[in-house]
Amino acid sequence: MSRPSAKLCAECFPGALRPSRTLRSTAPLRGAGAAREKSYTTRRNGISGPLTRRDQGLSSVVSSERLALPLRSSQKARGLATTGSDLATSKEGVLEKKNDGPPQDGPMKEYDDRVQSGRLRDDPYQRAIIQNLQNMYEALKDYTPSKVIHPTVESLDPQPKQSFFGSFFSRGGAGQTSKLTIPENLPEGLYMFGDVGCGKTMLMDLFFDTLPPNIKTKTRIHFHNFMQDVHKRMHVVKMKYGNDFDALPMVAANIAETASVLCFDEFQCTDVADAMILRRLLEILMSHGVALVTTSNRHPDDLYKSGIQRESFIPCINLLMSELNVINLNSPTDYRKIPRPPAAVYHHPLNEAAEAHAQKWFDYLGDPINDPPHPDTQIVWGRTIKVPRASGKAAKFTFNELIGSATGAADYLELVRHYNAFIITDVPGMNLNQRDLARRFITFIDAVYESRAKLVLTTEVPLTNLFLSPTDVKDELKKDGDDSDLSDAMRNLMDDLGMSVQALKNTSIFSGDEERFAFARALSRLSEMESKEWVERGMGIGMNEKEGKEDREAWLKTRSHWSEDNM
Ligand SMILES: Nc1ncnc2c1ncn2[C@@H]1O[C@H](COP(=O)(O)OP(=O)(O)OP(=O)(O)O)[C@@H](O)[C@H]1O
């Protein structure tokens, strides 16, 4: 049966008839991105100095000192679209959070309040970013997203066969000029990037919490979880209409229906499956009038750096550069490194005391009286993950059991949905030869951190040497053959407990920036997760029954990430 092409068109998206900006994905959109270019600075652990090659690659970075940009005329545009996104029911029960909180004054006022009450330190770099978030808030106050128009099944039927990658990267026009249009009145989104621990997520959350009340639907989600959900939804649609069916527009329309503001934490692309659909996905979302805000550890130019078919991903980078305000949070402070009382959740070496340590925490975080330790299982995509010891909401694994039975982000996300405390014993020091194990373990640490769960470890070596021994680093640095570099890097290494980001940047141990960031972030997160505040949150320590209950509820609320609630 011959059916119309699956190319997105005005017929599927009548929004094209509204005043709009047309996307042309093939022509380099650098012009638009470059137009926003102001100047750039670099943050290397607070050390200023000549720009490195990588820094110079940040050609379109807007320095946070210069970020108080005027609103665009489109941001000022009012009332061009009709109301339509104030529906709050999600078809598949995911993705949406209804915004029916009290009217707010916006992120700037909230930041001031938190600084005044001592909850935040005043940080001039963050203030510059907040000014941009405040601008977006002002634009959103006058924004009425138009009604989402869902594509028809006929319009999405299969296109003629192409190569596997080719068909995904180019469907709907990555390789051609797309007919998608973005409404003129859509407030310009934000892409905030910067080093680990400098406050990107905190700023985005603050913005999310203070969105104006006219924004009826909003979602804040970890990007990993978001993409997982998108793939799941696509799978469901394809099961229904066939493998060649162009599921993405349908899925994107459903998402747009549930979120007129979409905030992504830790935007990244490490996976060809994501790379294949990202540009179209974001483009369709914006064409439905979804305003995007995202945090990332990297500039758009550095996304998917050594990925398969990287060149096909360039239109996605161009889209981010042209449609979002790309800003660098170059704060020199890693807030996670600010000393906090350690709660001794990590123990090394693997001696007799280590097992006692693990048991003590398992008893404390689990529920040995009502739910004595027992084996448990969780199912991910039809696969079984064995949990050797579970009690209450705590799970205890040896490192080998964990890495052997749960091996990827999907598994770890499933685990953090079911448990809120993890005791992992016998963690070995990992060196160059165990990169794979280290990668998996870092993914696990990220999942635990994101879900605000608690983590107890017994390790062979101190945490700072966990993924890399000083000998590895020394050997690696020697390869440079430059003594001054070597001593500098080694001094950094020693000064910063052997693990400064700068020293890592000088080595080739990690196969790319993606890994270096993941590694540095994991260490930063581990240090936050050993703080007394982290460990005691929700445990009601030193509180009466009522306070303890409130403390627990507040903590469970911070854990109630989108995926946890809804998947
Ligand atoms: N101005 C501040 N004063 C006090 N604490 C802060 C401030 N900014 C951020 N923090 C705290 O520092 C920690 C790290 O911040 P956040 O998670 O936002 O960093 P990030 O840049 O998103 O890091 P990553 O890239 O690793 O996700 C959080 O606990 C956050 O609440």
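Just so you know, these numbers come straight off a predicted model, no measurement behind them.

What counts, and where the lines are drawn
Residues numbered from 1 in each chain as written. Predicted model: local features only at pLDDT ≥ 70, side-chain atom pairs only at ≥ 80, totals over all residues. Heavy atoms only, no water. Near = heavy atom within 4 Å. Polar contact = N/O pair within 3.5 Å; in protein donor to acceptor, adjacent residues only side chain to side chain. Areas by Shrake-Rupley, 256 points an atom, 1.4 Å probe, with all protein chains shown as cover. Helix = DSSP H or I, 4+ residues; strand = E, 2+ residues; numbered from the N terminus. Pairing = 2+ DSSP bridges. Contact = heavy atoms within 4.5 Å. Axes fitted to C-alpha atoms, helices over the stretch in contact; angles between N-to-C directions. pLDDT = per-residue confidence, 0-100. Expected span 1.5 Å × (residues − 1). Buried < 20%, exposed > 50% of the residue type's maximum accessible area, 1.4 Å probe, protein only. Parallel < 35°, antiparallel > 145°, perpendicular 65-115°, else oblique. Left-handed = near helix turned anticlockwise from the far one by under 90°. Nonpolar A, V, L, I, M, F, W, Y, C, P; charged D, E, K, R; others polar. Phe/Tyr/Trp six-rings, centres within 6.5 Å; stacked < 30°, edge-to-face > 60°. Lys NZ or Arg CZ within 6 Å of the ring centre and 35° of its normal.

### With respect to the site of the ligand
Inference 1: Around the ligand, the structure places 19 residues, and the nearest of them are R121, K200, T201, M202 and E528.
Inference 2: Within the backbone of C198, an N or O atom sits 3.1 Å from an oxygen atom of the ligand.
Inference 3: Within the complex, the protein chains bury 88% of what would otherwise be the 630 Å² of accessible surface of the ligand.
Inference 4: Going through the elements one at a time, α7 (200-209) and α19 (513-529) are the ones with two or more residues in the shell around the ligand.

### Looking at the sheet that holds strand β9 (residues 346-347)
Strand-to-strand pairing in sheets goes through backbone hydrogen bonds, with the strands running parallel or antiparallel.
Inference 1: If you trace the 6 strands from one edge of the open sheet to the other, you get β9-β14-β13-β12-β11-β10, paired in mixed fashion. Looking at the sheet topology across the chains shown, the edges are occupied by β9 and β10 (374-380).
Inference 2: The sheet contact formed by β10 and strand β11 (residues 383-391) spans 6 bridges and is antiparallel. Within the sheet, the bridge partner assigned to H374 lies in β11 and is A390.
Inference 3: Sitting on the sheet, helix α12 (residues 352-365) touches β9, β11, β12 (394-398), β13 (421-427) and β14 (454-459), and the angle it makes with β14 is about 165°.

### Description of the confidence of the model for the protein
Inference 1: Of the residues in the protein, 65% have a pLDDT of 70 or more, and the chain-wide mean is 72.
Inference 2: Ignoring residues within four places in sequence, the model shows residues 172-178, a span with pLDDT below 50, making 23 contacts including any to other chains.
Inference 3: pLDDT under 50 marks residues 480-501. Its contacts with residues more than four places away, or in other chains, come to 26 contacts.

### Points about helix α15 (residues 435-450)
Inference 1: With 16 residues, α15 should reach 22 Å at 1.5 Å per residue; the first-to-last C-alpha distance of 22 Å fits that figure.
Inference 2: Taken together, the buried positions of α15 are A438, F441, I442, F444, I445, D446, A447, V448, Y449 and E450.
Inference 3: Of the residues flanking the end of α15, it is R452, one or two places downstream, whose phi is positive at about 60°.

### Considering the packing of helix α10 (residues 272-287) against helix α11 (residues 310-323)
Inference 1: α11 packs onto α10 with a crossing angle of 30° between their chain directions and a minimal axis gap of 8 Å. It follows from the interaxial angle that α10 and α11 lie roughly parallel. As α10 packs across α11, the resulting crossing turns out to be left-handed. Residues A275, L278, R279, L282, E283 and M286 of α10 lie in contact with α11, whose contacting residues are F313, P315, C316, L319, L320 and E323.
Inference 2: Tallied by class, the residues present in the contact of α10 with α11 amount to 9 nonpolar, no polar and 3 charged.

### Comments concerning α11
Inference 1: The end-to-end C-alpha distance of α11 is 20 Å, a good match for the 20 Å that 14 residues give at a rise of 1.5 Å each.
Inference 2: In terms of burial, α11 is a largely internal element, 11 of the 14 residues being buried.
Inference 3: Listed as buried for α11 are R310, F313, P315, C316, I317, N318, L319, L320, M321, S322 and E323.

### Concerning the packing of aromatic side chains
Inference 1: In total, this model carries 16 aromatic pairs according to the counting rule given.
Inference 2: Seen from their ring centres, F223 and F264 are 5.0 Å apart, and the 80° between their planes marks the pair as edge-to-face. With F223 in helix α8 (residues 223-241) and F264 in strand β6 (residues 261-265), the pair connects residues that are 41 residues apart, well separated along the chain. We note that F223, like F264, is buried.
Inference 3: Members of the aromatic cluster, joined through ring pairs, are Y191, F193, F223, F226, F264 and F267.
Inference 4: It is R537 that lies over the ring of W534; its NZ or CZ is 4.7 Å from the centre.

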